[in-house]
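As a plain string of letters, each chain reads:
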Amino acid sequence: TWAFIKDNWEAIHGRLGQSVMLLGRTVKGGAEGLRRHEDALDVEQFFELHPSPKISKAISQTLEIIHSRACWISRDREQAARWVEDWYRDQGKNI
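Throughout what follows, the structure given in this document is the object of discussion.

The tally for this structure, following the rule as stated, stands at four salt bridges. A salt bridge links R36 to D39, with the shortest nitrogen-to-oxygen separation between them at 2.9 Å. Given a relative accessible area of 45%, R36 falls into the partly exposed group. Using a relative accessible area of 12% as the deciding quantity, one classes D39 as buried. Note that R75 and D76 form a salt bridge whose closest N and O atoms lie 2.8 Å from each other. Take D76: its relative accessible area is 15%, and that puts it in the buried class.

Here you go:
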């Protein structure tokens, strides 16, 4: 979804630019699947090239969410994987 937003930013901004709320939600929703620090850098660099001061708060929140996910994954990846494996095993299923 983020790739679509980047590729179609001019049209999206043209249609939603008057509504700060909708444009901000579009950015947040489009970045929903991003979960690496590199993804956050991509978002940041995109908005450096396409300044959108009206939605700066939404952009900041989006970057914070992405970084938070990246930290969680790097910190808890192995523990979460073990939990999923154990849960499947307890259900009598194979991964």
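That shown, we press on.
All right, on to the packing of helix α4 (residues 37-49) against helix α5 (residues 56-90) then. It is the contact of α4 with α5, at a shortest axis distance of 8 Å, that shows an interaxial angle of 165 degrees. If you check the angle between α4 and α5, you find them roughly antiparallel. The two elements α4 and α5 meet at a crossing, and its hand is left-handed. The residues of α5 that touch α4, namely those facing H37, D39, A40, V43, E44 and F47, are I59, L63, I66, H67, A70 and C71. In terms of residue class, the contact of α4 with α5 is made up of eight nonpolar, two polar and two charged.

What follows covers α4. In this model, α4 (13 residues) spans 19 Å end to end at C-alpha, consistent with the 18 Å of a helix rising 1.5 Å per residue. Of the residues making up α4, those classed as buried are D39, A40, V43, F46 and F47. For α4, the buried positions fall inside an angular range of 125 degrees around the axis, keeping them on one side. Of the exposed residues in α4, those oriented more than 90 degrees away from the buried face are E38, E48 and L49. Of the surrounding secondary structure, the elements contacted by the buried residues of α4 are α1 (2-7), α2 (9-16), α3 (20-30) and α5.

Mapped onto the elements of the fold, I65 is located in helix α5. A sequence separation of 25 residues divides I65 from D90, and the C-alpha atoms of the two residues are 32 Å apart.

For D39, the location among the structural elements is in helix α4. Polar contacts involving the side chain of D39 include one to the main-chain amide nitrogen of R35, which spans 3.1 Å. D39 has contacts with L34 and I66, leaving out every residue within four places of it along the chain.

Procedures and definitions
- All residue numbers here refer to positions counted from 1 along the written sequence of the relevant chain.
- Per-residue local features of the predicted model are confined to residues with pLDDT of at least 70, and side-chain atom pairs are confined, for both listing and counting, to 80 or more; whole-chain, interface and lining totals are unaffected and use all residues.
- Computation of side-chain values covers all heavy atoms of the structure but excludes hydrogens and water.
- We define a salt bridge as a contact between a side-chain nitrogen of Lys or Arg and a carboxyl oxygen of Asp or Glu at a distance within 4 Å.
- Classification of residues uses two cut-offs on accessible area relative to the type maximum, computed with a 1.4 Å probe and protein chains only: under 20% is buried, over 50% is exposed, and between them is partly exposed.
- For helices, the fitted axis covers only the stretch in contact; all axes are lines through C-alpha atoms, and the angles between them, taken along N-to-C directions, range from 0 to 180 degrees.
- Segments assigned H or I by DSSP are reported as helices when at least four residues long, segments assigned E as strands when at least two residues long, and all are numbered from the N terminus.
- The labels follow the angle: roughly parallel below 35 degrees, roughly antiparallel above 145, roughly perpendicular from 65 to 115, and oblique for the rest.
- Here a crossing is taken to be left-handed if its near helix is turned anticlockwise relative to the far helix by less than a right angle, and right-handed if that turn runs clockwise.
- The criterion used for residue contact is that any of the two residues' heavy atoms lie within 4.5 Å.
- Ten residue types, Ala, Val, Leu, Ile, Met, Phe, Trp, Tyr, Cys and Pro, are classed as nonpolar, four, Asp, Glu, Lys and Arg, as charged, and the remainder, Gly among them, as polar.
- Helix span, expected: 1.5 Å multiplied by one less than the number of residues in the helix.
- When we speak of the arc, we mean the arc of directions from the helix axis to the C-beta atoms.
- Whenever two N or O atoms come within 3.5 Å, that pair is a polar contact, provided that in protein one can donate a hydrogen and the other can accept it, and provided that, for residues adjacent in sequence, both atoms are side-chain atoms.

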